Amino acid sequence: MEGITEGVNNMSLAVDSQKKNRIQVSNTKKPLFFYVNLAKRYMQQYSDVELSALGMAIATVVTVAEILKNSGFAVEKKIMTSTVDIKDGARGRPVQKPKIEITLAKSEKFDELMAAANEDKEAAEAQEQN
């Protein structure tokens, strides 16, 4: 019984260590602008966001970060690269994969740009209804 209790306690610690403002990006599951818009929402909520990806999805993370930076929504805080060992499903042996984590913070113009984007969206919706 002690082993089960200890396992549950360790599990809750693992959940706590998972960052709430992290977006783990895939290059196959969602379209690019899904991640751009999600990152904007996370920045509204947490003031910064961490974009994380493995392997082939690294290009997607870099593209999302560049879109946010070039459009004035975000500024770069930190970029970290590493390799992680992942077990190969077929053979069961560890395979090294590249990993990138890009932390972006709200730009000074973030709130102003979001307000303008919302006004444009509301105007477009109003025009559609007419």
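Above this text is the structure in question.
Not measured: the values here are computed from a predicted model.

Reading the values: the criteria
Residues numbered from 1 in each chain as written. Predicted model: local features only at pLDDT ≥ 70, side-chain atom pairs only at ≥ 80, totals over all residues. Heavy atoms only, no water. Helix = DSSP H or I, 4+ residues; strand = E, 2+ residues; numbered from the N terminus. Buried < 20%, exposed > 50% of the residue type's maximum accessible area, 1.4 Å probe, protein only. Contact = heavy atoms within 4.5 Å. Phe/Tyr/Trp six-rings, centres within 6.5 Å; stacked < 30°, edge-to-face > 60°. Pairing = 2+ DSSP bridges. Axes fitted to C-alpha atoms, helices over the stretch in contact; angles between N-to-C directions.

(A) A look at the overall build of the protein chain. Of the regular secondary structure elements, the protein chain holds four helices and four strands. Reading the secondary structure of the protein chain in the N-to-C direction produces α-β-α-β-α-β-β-α. Looking at the protein chain residue by residue over its 130 residues, the buried ones come to 28%. In the protein chain, once contacts between residues fewer than 6 apart in sequence are set aside, the share between residues at least 24 apart is 68%.

(B) View of the packing of aromatic side chains. On inspection of all chains with the given rule, the structure shows three aromatic pairs. On the basis of an interplanar angle of 80 degrees and a centroid distance of 5.3 Å, the ring pair of F34 and Y35 is categorised as edge-to-face. Taking relative accessible area as the criterion, F34 reaches 34% and is therefore assigned partly exposed. What makes Y35 buried here is its relative accessible area of 4%.

(C) Examining the sheet that holds strand 2 (residues 48-54) more closely. Spatially, the four strands line up as an open sheet ordered 1-2-4-3, and their pairing is mixed. Looking along the sheet, the strands with just one partner apiece sit at the ends: strand 1 (22-24) and strand 3 (74-87). Strand after strand, the sheet turns through a mean of 20 degrees between neighbouring axes, direction not considered. Inspection of the sheet shows strand 3 paired to strand 4 (residues 94-106) by 13 bridges, in the antiparallel sense. Across the sheet, residue M80 finds its bridge partner in strand 4, namely E101. Most of the contacts of helix 3 (residues 58-70) go to strand 4, to which it runs at about 10 degrees, and overall it touches strand 2, strand 3 and strand 4.

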